[in-house]
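Structural characterization, general
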Amino acid sequence: MSLIVVQVIVSGLLIGAVYALFASGLTLIWGMMNVINFAHGDFVMLAMYTAFMVWTVLGGGPAAAVPIAAVLLATLGVLSYFLLVRHIMKGPMLAQILGTFGLALLLRYSAFWYFGANFKTLPDTILGAPLVIGGIRIDAPRLVAGSVGLLVTLLLHLLLTRSALGSRMLAVAEDATAAQLMGIRPERMQAVAWALAAGSTGIAGALIATFFYTSPTVGETLAIVAFVTVAFGGFGSVPGALVAGLLIGVIEGLSAFFIGPVYKDVVVYLLFVLVLWTRPQGLMGKA
Amino acid sequence: MWSRKFSLTALCTALLALAYAGAAAAQQTVKVGAIYPLSGNAASAGNYSKAAIELAVDIINNDHPELKDLPLAAGTGLPRLGGAKIEVVFADNQGTPAAGQNQALRLITEEKVQALIGAYQSGITVTTSAMAERHGIPFVNPESVAANLTERGFKWFFRVTPVAGDFARAYADFLKEQKAAGQKVGSIAIVNENTEYGNSVASVIREMFGKEGLPVVQVIPYSANTTDVQPQVLQLKEKNPDVVIFVSYTSDAILYAKTMKDLNWKPSIMIADDAGFNDPSFVSSSGSLVEGLVNRSSFAPGKPGSLSALINDLYKKKNNVDLDDASARAMQGMLVLADAINRAGSTDAAKIQAALRATDLKANQVVTGYNGVKFDDKGQNILASSLITQMQGGSYVPVWPKDKAAGELKLPYKGW
């Protein structure tokens, strides 16, 4: 295998880890409350602008931007839950879908109004020079984003499956009334789920901003991949999002390199349809 | 007492009548619909174009005696329509041909505009101008360069910008000159976004280069709305061509600039076909990563005191950036349309169409570096032209042809 093909795979894994990080917040909300957050991409967009503001106003790099974005976005998540989601959950399915979609547009056009349509980028040296191992170049921002992506996904998974808080959250997801009878407050658990999901989205956004451009519509561009990743990996499954993200990254890279960039989506979506055909619940979702 | 009251009432009535007459005169406006990408991935470029069109309208509607060569600058409004003002209704094409088409229909049927201008992306100009053609409304296209736009036999379509063939010719001449000067141009790659704009420009360049004996060894079409361009850059890295020509919009241009540095690959001559690489937000965010990038432009501010420099100053005062090429061309389009409406002396669509056909602006009467504006039977401006610029120290400097150059061409490409 030639060096350049190894580079294609490595680059694919790096972007794939970012897709996984991006998608884990989305899948978490689904697993907890059976709600699709259509504003997810725009949450990421706001986190990217947070990173940009932290850099331009405070002069801080990602080390400062990541915690700030996590806290800000977690707050936004809780606010969205109490002010919007809690109410639309009582409405018909369509209201739930259109409710978060409306939130997405509100956030996107607020960003247009406040930040303007200009593309912003952080200095490309903000995380140092790329790593070169045996001729393979590993871009530092992507490596950091990818590794933190893996770590956050792992922590979320452990939290859900190994902690008392996670058990309570899952209980609410399974049967809110029964959980309430057991002394768990469903609303509090769901607010925690929104805080966790939006907080991890904040981390994702602040890291993606180190190697991607930031604009009011960037969430739209990235969200398509996030939805595919979630469906591919299985709705509600955090490890599923991880596996699917990495797979999509590598398949995209290889098909773009060998067949051509315009065909990569054909290959990815064909595979996506085939997987859903044989496993409608996704790679690692529960049937 | 009574008489004083009376005279006061009379005065008020007279004043009211006067105010009413003034209002009636002010109400006479000519409505023009402008369709641009105000949201979506090209929103940055679209909003700069909007600002440039607003400046054109300001110049037409208000008195600007200092811009004496520019038609309609001195005096207010359109003199042959009794000083009527131009009112532009902007509509957002959202970066999609379908949204552009809907907006065109809305502007024509609901806003009742007398003419349309737009729509930045070639693929969207296709659908919006088809609406105008169907309804018999003049459509001025200031900036879309896909070759086939003027090959549709349209009667209401007028394109002010130079087109793909002109650029391909300029690139071919430029590269042959560099080859003669000892630069490597033995293998050429074209990387193009795959909508109307990128595909048509790439195929015209390929055809022209084939005739000129310039070897195109690699063509990489891709989707502009992409999250990752690493595979494209690795494809280039593998073939390692001497020259690469990018035909890209803004978001993808930024990703290419970053990714080429990340993967440490550059050609000896890198050419960008305007569009994304000329967007002021590309220049400010990524200019330092593409030092020595060769580009094309139809606008350069020029010497202080020249018409283009004065216009650039006016634009910069409002928007805090230099007037870029695409926005300058949008502005020129608006000025051409206003000039035609004025000469038509009417808001009748057929009369405006006839006036557009008779347009004859000289080189000194235009803001862009065109040799003038004059349309052929297909609606193409036959006097449009462009020059070659190079990124030097964070801004584009005209470097070719020599008689229009403001700086020395520096090769090979430096990058970051």
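Here is what the cut-offs are and how they apply
Residues numbered from 1 in each chain as written. Chains lettered and ligands numbered in written order. Predicted model: local features only at pLDDT ≥ 70, side-chain atom pairs only at ≥ 80, totals over all residues. Helix = DSSP H or I, 4+ residues; strand = E, 2+ residues; numbered from the N terminus. Rg over C-alpha atoms; globule rule 2.2 N^0.38 Å. Buried ≥ 20, exposed ≤ 12 C-beta atoms within 10 Å, placed from the backbone. Contact = placed C-beta atoms within 7 Å. Pairing = 2+ DSSP bridges. Axes fitted to C-alpha atoms, helices over the stretch in contact; angles between N-to-C directions. Right-handed = clockwise from strand over helix to strand, strands pointing away. Nonpolar A, V, L, I, M, F, W, Y, C, P; charged D, E, K, R; others polar. Expected span 1.5 Å × (residues − 1). Domains from an automatic or database assignment. Parallel < 35°, antiparallel > 145°, perpendicular 65-115°, else oblique. Left-handed = near helix turned anticlockwise from the far one by under 90°. Arc of directions from axis to C-beta.

All right, on to the overall build of chain B then. A tally of regular secondary structure across chain B gives 12 helices and 14 strands. Here chain B has a C-alpha radius of gyration of 23 Å; the compact-globule value for 416 residues is 22 Å, and the two agree. Structurally, chain B occupies a C-alpha span of about 95 × 45 × 40 Å along its principal axes. Across the 416 residues that make up chain B, the buried fraction comes to 55%. Long-range contacts, defined here as pairs at least 24 residues apart, represent 68% of the contacts in chain B between residues at least 6 apart.

A tally of regular secondary structure across chain A gives 11 helices and two strands. Secondary structure elements in chain A, listed N-terminal to C-terminal, are α-α-α-α-β-β-α-α-α-α-α-α-α. For 287 residues, the compact-globule formula gives about 19 Å, and the C-alpha radius of gyration of chain A, at 19 Å, lands near that figure. Expressed along its principal axes, the backbone C-alpha trace of chain A runs to roughly 60 × 50 × 35 Å. Here chain A holds 287 residues, and 51% of them are scored as buried.

All right, on to the sheet that holds strand S7 (residues 216–222) of chain B then. Residue and element names in this part refer to chain B. Strand order across the open sheet formed by seven strands is S7-S6-S8-S9-S10-S13-S14, with mixed pairing between neighbours. Edge positions in the open sheet fall to S7 and strand S14 (395–400), since each of these has one partner strand only. Each adjacent strand pair in this sheet contributes to an overall mean axis angle of 25°, direction not counted. Two elements, strand S6 (residues 188–193) and S7, share six bridges in a ladder whose sense is parallel. Residue pairing for S7: Ile-188 is matched across the bridge by Val-216.

This paragraph deals with the pairing of strand S1 (residues 29–36) of chain B. Most of S1(B) sits inside the fold, with six of its eight residues counted as buried. As for the winding sense of the linkage, the β-α-β connection from S1(B) through helix H2 (residues 43–61) of chain B to strand S2 (residues 85–92) of chain B is right-handed.

Looking now at the sheet that holds strand S5 (residues 157–159) of chain B. Residue and element names in this part refer to chain B. In space, the five strands of this open sheet follow the order S2-S1-S3-S4-S5, with parallel pairing throughout. Because the sheet does not close on itself, it has two edges, and the strands there are S2 and S5. For this sheet the average axis-to-axis angle between neighbouring strands, irrespective of direction, equals 25°. Relative to strand S3 (residues 115–118), S1 runs parallel, the two being bridged by four bridges.

This next bit is on the interface of chain B and chain A. Taken residue by residue, the interface counts 34 residues in chain B and 28 residues in chain A. Where the side of chain B that touches chain A is concerned, the elements lending two or more residues are H2, S7, helix H7 (230–239), helix H8 (250–262) and helix H9 (280–286) of chain B. At seven residues, the largest contribution of residues to the side of chain B that touches chain A is made by H7(B). In the side of chain B that touches chain A, the residues fall into 10 nonpolar, 18 polar and six charged.

Residues and elements named next belong to chain B. For the peptide bond that leads from Gly-118 to Ala-119, omega is 5°, which places it in the cis range. Positionally, Ala-119 belongs in the loop between S3 and helix H4 (122–135). Residues Leu-411 and Pro-412 are joined by a peptide bond in cis, for which omega reads 0°. Here Pro-412 lies in the segment after S14. One non-glycine residue with positive phi stands out, namely Asn-264, at about 55°. Within the fold, Asn-264 resides in the loop between H8 and strand S9 (269–272).

Our next topic: helix H10 (residues 238–258) of chain A. All names here are of chain A. Between the first and last C-alpha of H10 there are 30 Å, a value that for 21 residues agrees with the 30 Å anticipated at 1.5 Å per step. The element H10 is largely enclosed, with a buried count of 15 among its 21 residues. Within two residues after H10, Gly-260 carries a phi angle of roughly 140°, on the positive side.

This next bit is on the pairing of S2(B). For S1(B) and S2(B), the ladder comprises eight bridges, and the chain directions are parallel. Residue Gly33(B) lies in a different strand from S2(B), and its bridge partner there is Val89(B).

A few words on the domain arrangement of chain B. One frequently used descriptor of interface size is the decrease in accessible area upon assembly of the parts. Residues and elements named next belong to chain B. According to the domain assignment, chain B consists of domain 1 (25–162 + 303–385) and domain 2 (165–297 + 388–404). On a C-alpha basis, the centroid separation for the pair domain 1 and domain 2 is 28 Å. With 20 residues of domain 1 at the interface, the matching set in domain 2 holds 20 residues. Elements with a contribution of two residues or more to the side of domain 1 that touches domain 2: H2, H4 and helix H11 (325–344). For the side of domain 1 that touches domain 2, the class distribution of residues is 11 nonpolar, seven polar and two charged.

Residues and elements named next belong to chain A. As a packed pair, helix H5 (residues 140–162) and H10 sit with axes 9 Å apart at the nearest point and diverge in direction by 155°. Judged by the angle between their axes, H5 and H10 are roughly antiparallel. With respect to the hand of their crossing, H5 and H10 are arranged in left-handed fashion. Residues Thr-153, Leu-156, His-157 and Leu-160 of H5 form the contact with H10, whose own contacting residues are Val-238, Pro-239, Ala-241 and Leu-242. Here the residues of the contact of H5 with H10 sort into six nonpolar, two polar and no charged.

Moving on to the environment of Gly165(B). Residues and elements named next belong to chain B. Relative to the helices and strands, Gly-165 resides in helix H5 (residues 164–180). Overall, Gly-165 belongs to the partly exposed group, with 16 C-beta atoms counted inside 10 Å. Sequence spacing of Gly-165 and Ile-86 is 79 residues, and the spatial spacing of their C-alpha atoms is 33 Å. Residues in contact with Gly-165, not counting those within four places in the same chain, are Ala-147 and Val-204.

Next up on the list: the environment of Leu283(A). Residues and elements named next belong to chain A. Structurally, the position occupied by Leu-283 is in the segment after helix H11 (264–278). When the C-alpha positions of Leu-283 and Gly-240 are compared, they lie 6.4 Å apart, and in sequence the two are 43 residues distant. In contact with Leu-283, other than residues within four places in its own chain, are Phe-232, Gly-233, Gly-234, Gly-240, Val-243, Ala-244 and Val-275.

Residues and elements named next belong to chain B. Helix length check: H5 (17 residues) gives 24 Å between terminal C-alpha atoms against 24 Å at 1.5 Å per residue, within 8%. Residues of H5 that are buried: Ala-164, Phe-167, Ala-168, Tyr-171, Phe-174, Leu-175 and Gln-178. Buried residues of H5 fall within an arc of 130° about the axis and therefore sit on the same side. Gly-182 occupies a position one or two residues after H5 and carries a positive phi of about 100°.

A few words now on the packing of helix H1 (residues 3–33) of chain A against H5(A). Residues and elements named next belong to chain A. H5 packs onto H1 with a crossing angle of 35° between their chain directions and a minimal axis gap of 8 Å. In this structure, H1 meets H5 at a crossing whose hand is left-handed. Of H5, the residues touching H1 (which contributes Leu-14, Ile-15, Ala-17, Val-18, Ala-20, Leu-21, Ser-24 and Leu-28) are Arg-142, Leu-143, Ala-145, Gly-146, Gly-149, Leu-150, Val-152, Thr-153 and Leu-156. Of the residues assigned to the contact of H1 with H5, the class counts are 12 nonpolar, four polar and one charged.

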